[in-house]
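Architecture at a glance
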Amino acid sequence: MTGSRQGPRRDCDRFPPEDIRGPVSPPPPRLSLAPAGSAPALLDGAWWPRSRDLHAELPALAAVLDPLWGRITRITVNPARWPVVPRRVPVAGHVVKVGWFRAEQDPHGLLLFSYHGGAGTCWSSLRRRTLTRPPG
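It should be emphasised that the depicted structure is a prediction, and the values quoted were computed from it without experimental measurement.

Cut-offs and rules
- Residues numbered from 1 in each chain as written.
- Predicted model: local features only at pLDDT ≥ 70, side-chain atom pairs only at ≥ 80, totals over all residues.
- Heavy atoms only, no water.
- Helix = DSSP H or I, 4+ residues; strand = E, 2+ residues; numbered from the N terminus.
- Buried < 20%, exposed > 50% of the residue type's maximum accessible area, 1.4 Å probe, protein only.
- Contact = heavy atoms within 4.5 Å.
- Polar contact = N/O pair within 3.5 Å; in protein donor to acceptor, adjacent residues only side chain to side chain.
- Core = buried A, V, L, I, M, F, W, Y, C linked by side-chain atoms within 4.5 Å.
- Pairing = 2+ DSSP bridges.
- pLDDT = per-residue confidence, 0-100.

Regarding the overall build of the chain
The number of helices and strands found in the chain is three helices and seven strands. Taken from the N to the C terminus, the helices and strands of the chain come in the order α-α-β-β-α-β-β-β-β-β. Sorting the 136 residues of the chain into buried and exposed places 29% on the buried side.

Focus on the side chain of D66
You can see D66 is positioned in helix 3 (residues 54–69). In this view, D66 contacts R71, I72, V91 and H94; residues no more than four positions away in its chain are not counted.

Thoughts on the side chain of H94
Tracing the sequence through the fold places H94 in strand 5 (residues 94–100). For H94, a relative accessible area of 10% translates into the label buried. There is a polar contact of 3.2 Å between the side chain of H94 and the backbone oxygen of I72. Ignoring any residue separated from it by four or fewer positions in sequence, one finds H94 in contact with D66, R71, I72 and V89.

Examining the nonpolar core
Within the largest apolar cluster, 17 residues are counted, with the highest numbers of intra-cluster contacts made by L58, I72, I75 and L112. Of all the secondary structure elements, the ones that give two or more residues to this core are helix 3, strand 3 (71–77), strand 4 (88–91), strand 5 and strand 6 (109–116). Among the elements that take part in this core, helix 3 stands out by supplying six residues, more than any other.

Concerning helix 3
Where helix 3 is concerned, the buried positions are L54, E57, L58, P59, A60, L61, A62, L65, D66 and W69. Capping the start of helix 3 is the job of one residue whose side-chain oxygen sits 3.1 Å from the backbone nitrogen of H55: D53. G70 sits one or two positions beyond helix 3 and adopts a positive phi of about 95 degrees.

Section: the pairing of strand 5
The side chains of a regular strand alternate between the sheet's two faces. Note: strand 3 against strand 5, four bridges, orientation parallel. Among the inter-strand pairings, T76 is bridged to a residue of strand 5, identified as G99. One ladder, built from four bridges, connects strand 4 with strand 5; its direction is antiparallel. Directly across from V89, in strand 5, lies its bridge partner V96. In this antiparallel pair of consecutive strands, strand 4 and strand 5, the connection spans two residues, and A92 shows a positive phi of 35 degrees.

Focus on the confidence of the model for the chain
Of the residues in the chain, 63% reach a pLDDT of 70 or more, and the chain-wide mean stands at 75. Scored below 50 in pLDDT, residues 118–126 makes 13 contacts in the model with residues more than four places away or belonging to other chains.

Shown next, in the form of structure tokens:
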């Protein structure tokens, strides 16, 4: 008898491994922002991360805010709510520095620093406050 015996079809036969399909993009961050052009306030928005893993959560957040607030360059958190605070996270072709403050920063707050500018302008810095509600 020639040929091979074919058994029942398995899911792995129908779906190629992830490295062939390409990387799966993370879901967009759960975020609510103050309306553009609104008066300065104590909070510029609220963010509901899906996990306590800042290394996984911050890149998507910064990538969404880059075009709205200018390139995010630094993020600070209070480590009381985060088990691990990375020093840097990759975001859409650049690296964002991450820092922390215990006494000086609200445990539920997140500070984002950005800069924006254009031809013939000086770089300016922008500081934004975001309320964060970690899971759990």
